[in-house]
Amino acid sequence: MNSSDRDRGGFVLLAGGILLVVSLFLHWEDSFTAWHEFPNLRIIMLVIAIVGIGFAVLDETGQSPALPDLIPLIIAGLGLAMFGFSAGWELQISGAIGVWCAVVGSLGVALGAYAARRHDLVLREARAPGSVPPGRL
């Protein structure tokens, strides 16, 4: 894979997953963190972050095209669901740094997963026999 075939979706996904994990341990309101206050949600957030980080690592090593095309879309959907929760928490209750990290991290997971798979599909189509390379119509 040459440098023109690289995109930033994997990097955004990796950064979003790491930020989502970090947000668990930052304050979400006055004196509590998400890790201590949300016993079930913390597991869900951690799973979303770990799956996102895992896919980002596979994307950066070039192994992600071997996965089914639906996997990154599921990751993107989970990131959007987490974005909805954290943005709703921010709008209604909080204003703390942990919530903002969760908002940005979950959005990074969603957009990064979508961008990484979209880039893979564009490359796959461009390499198909009989196709015209992008930009050469």
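Predicted model only: the values in this text are computed from it and were never measured.

Peer 1: Is there a simple way to think about the side chain of Thr33 in this case?
Peer 2: For Thr33, the position within the fold is in strand E2 (residues 32-33). Of the polar contacts made by the side chain of Thr33, one reaches the side chain of His36; its length is 2.8 Å. When near neighbours in sequence (up to four residues on either side) are disregarded, Thr33 contacts Leu24, Phe25, Leu26, His27 and Trp28.

Peer 1: Is there a simple way to think about the confidence of the model for the protein in this case?
Peer 2: Caution applies to low-pLDDT parts of the model: their predicted coordinates are not meant to be read in detail. This prediction gives the protein a mean pLDDT of 82; 80% of its residues lie at or above 70. Summarising per-element confidence for the protein, the mean pLDDT is lowest in helix H5 (residues 97-126) (80) and highest in helix H1 (residues 9-23) (92). In the model, residues 1-5 has pLDDT below 50 throughout and makes 5 contacts with residues more than four positions away in sequence or in other chains.

Peer 1: So what exactly am I meant to see when it comes to the packing of H1 against helix H3 (residues 41-61) here?
Peer 2: Geometry of a packed helix pair, given as the angle between the helix axes and the separation of the axes. Viewed as axis vectors pointing N to C, H1 and H3 meet at an angle of 155 degrees, and their least axial separation amounts to 8 Å. When the interaxial angle is binned, H1 and H3 end up roughly antiparallel. Where H1 crosses over H3, the two elements pack in a sense that is left-handed. Contact with H1, carried on its side by Gly10, Phe11, Leu13, Leu14, Gly17, Ile18, Leu20, Val21 and Ser23, involves Met45, Leu46, Ile48, Ala49, Gly52, Ile53, Phe55, Ala56, Asp59 and Glu60 of H3 and no other residues of that element.

Peer 1: Is there a simple way to think about the packing of H3 against helix H4 (residues 70-92) in this case?
Peer 2: Axis separation between H3 and H4 bottoms out at 10 Å; the angle between their running directions is 140 degrees. Classed by the angle they form, the pair H3 and H4 counts as oblique. Handedness of the H3/H4 crossing: left-handed. Taken together, the residues of H4 that come into contact with H3 (itself represented by Leu41, Met45, Ile48, Val51, Gly52 and Phe55) are Ile71, Pro72, Ile75, Leu78, Gly79, Met82 and Phe85.

Peer 1: So what exactly am I meant to see when it comes to the nonpolar core here?
Peer 2: Inside soluble globular proteins, nonpolar side chains tend to come together where they are buried. Leu13, Leu20, Trp28 and Met45 are the most contacted members of the largest nonpolar core, which has 24 residues in total. Mapped onto this core, the elements with two or more residues apiece are H1, H3, H4 and H5.

Peer 1: Could you clarify how one ought to interpret the environment of Ala15 in this entry?
Peer 2: Along the chain, the position of Ala15 falls in helix H1. Accessibility expressed as a relative area gives 45% for Ala15, which makes it partly exposed. Each C-alpha atom of the pair Ala15 and Ala56 lies 9.1 Å from the other, and the pair is 41 residues apart in sequence.

Peer 1: Which parts of the structure should I look at to understand the environment of Val109?
Peer 2: Among the structural elements, Val109 can be located in helix H5. Looking at Val109, the relative accessible area reads 0%, which means it is buried. Measuring from C-alpha to C-alpha, the distance between Val109 and Ile18 comes to 9.4 Å, with 91 residues separating the pair along the chain. Apart from residues no more than four positions distant in its own chain, Val109 is found in contact with Leu13, Gly16, Gly17, Ile48, Ile75 and Gly79.

Scoring rules and cut-offs
Residues numbered from 1 in each chain as written. Predicted model: local features only at pLDDT ≥ 70, side-chain atom pairs only at ≥ 80, totals over all residues. Heavy atoms only, no water. Helix = DSSP H or I, 4+ residues; strand = E, 2+ residues; numbered from the N terminus. Polar contact = N/O pair within 3.5 Å; in protein donor to acceptor, adjacent residues only side chain to side chain. Contact = heavy atoms within 4.5 Å. pLDDT = per-residue confidence, 0-100. Axes fitted to C-alpha atoms, helices over the stretch in contact; angles between N-to-C directions. Parallel < 35°, antiparallel > 145°, perpendicular 65-115°, else oblique. Left-handed = near helix turned anticlockwise from the far one by under 90°. Core = buried A, V, L, I, M, F, W, Y, C linked by side-chain atoms within 4.5 Å. Buried < 20%, exposed > 50% of the residue type's maximum accessible area, 1.4 Å probe, protein only.

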